[in-house]
Amino acid sequence: MSHPLDLTVNGVRAQLQVAVHRSLLSVLREDVGLTGPKEGCDDSECGACMVLLDGEPVNSCSYLAVQADDREVVTVEGVGSGGDLHPVQRELLAAGGVQCGFCTPGVVVSAAALLEGTPDPDEEQVRRALAGNLCRCTGYQKIVEAVLRAAASSR
Ligand code: FES
Ligand code: FES
């Protein structure tokens with residue numbers, strides 16, 4: 001059964017018809033054409049699919065698209081502004097916090113949400129905010145440093 005879906009993605013309104021069982025992740029990737037959010041575990045474990053829903057980070061693999069009706073979604077493609085990278089993206093690149101890059105979209109989204117609400121976090125707060133984002137490559141230290149530097153650069 002398909003259902004009308006009206007959502008705003010990165011500031012652009014999308015009006016779609018989607019089957020009720022489909023995940024927000026699949027609709028973003030296949031219908032909206034945004035492949036930044038990644039499918040890793042498809043089970044709310046890895047955070048690669050993380051997007052902001054009305055400003056809150058959610059695992060879009062485990063969220064029904066129809067639950068996002070009339071709501072605002074921001075993906076990694078939308079966290080920067082005016083063509084500029086978000087400070088977290090800039091500092092991840094500078095710090096070597098991106099290796100294979102598979103986790104990066106989710107990390108960026110989680111970190112951007114953290115800095116929105118807590119502009120000057122300490123290391124513990126950064127690690128807590130990123131607890132749902134698994135990275136197989138970096139050992140996390142460079143990611144944490146990058147988020148702390150992003151916070152410092154925005155002061
Ligand atoms: S793909 Fe959604 S949490 Fe892993
Ligand atoms: S950079 Fe490869 S999983 Fe994080």
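Note that the structure is a prediction, hence the values are computed from the model and not measured.

Basis of the calculations
- Residues numbered from 1 in each chain as written.
- Chains lettered and ligands numbered in written order.
- Predicted model: local features only at pLDDT ≥ 70, side-chain atom pairs only at ≥ 80, totals over all residues.
- Helix = DSSP H or I, 4+ residues; strand = E, 2+ residues; numbered from the N terminus.
- Rg over C-alpha atoms; globule rule 2.2 N^0.38 Å.
- Buried ≥ 20, exposed ≤ 12 C-beta atoms within 10 Å, placed from the backbone.
- Contact = placed C-beta atoms within 7 Å.
- Axes fitted to C-alpha atoms, helices over the stretch in contact; angles between N-to-C directions.
- Parallel < 35°, antiparallel > 145°, perpendicular 65-115°, else oblique.
- Left-handed = near helix turned anticlockwise from the far one by under 90°.
- Nonpolar A, V, L, I, M, F, W, Y, C, P; charged D, E, K, R; others polar.

This part covers the overall build of the protein. Check the secondary structure of the protein and you find 5 helices and 5 strands. Along the chain direction, N to C, the helices and strands of the protein fall in the order β-β-α-β-β-β-α-α-α-α. In terms of overall size, the protein behaves like a compact globule, its C-alpha atoms giving a radius of gyration of 15 Å where 155 residues would be expected to give roughly 15 Å. Principal axes of the C-alpha set define a box for the protein whose edges measure 45 × 30 × 25 Å. For the protein, the residues scored as buried account for 44% of the 155 residues in total. In the protein, the share of contacts with a sequence separation of at least 24, taken over all contacts with a separation of at least 6, comes to 59%.

Turning our eyes to something else, we now look at the packing of helix α2 (residues 87-95) against helix α5 (residues 141-153). Running from amino to carboxyl end, α2 crosses α5 at an angle of 130°, the nearest separation of the two axes being 8 Å. In terms of their interaxial angle, α2 and α5 are classed as oblique. Viewed along their axes, α2 and α5 form a crossing whose handedness is right-handed. Residues Pro87, Val88, Glu91, Leu92 and Ala95 of α2 lie in contact with α5, whose contacting residues are Lys142, Ile143, Glu145, Ala146, Val147, Arg149, Ala150 and Ser153. Within the contact of α2 with α5, the residues separate by chemical class into 8 nonpolar, 1 polar and 4 charged.

Remember that the coordinates give geometry; whether it matters functionally is a separate question.
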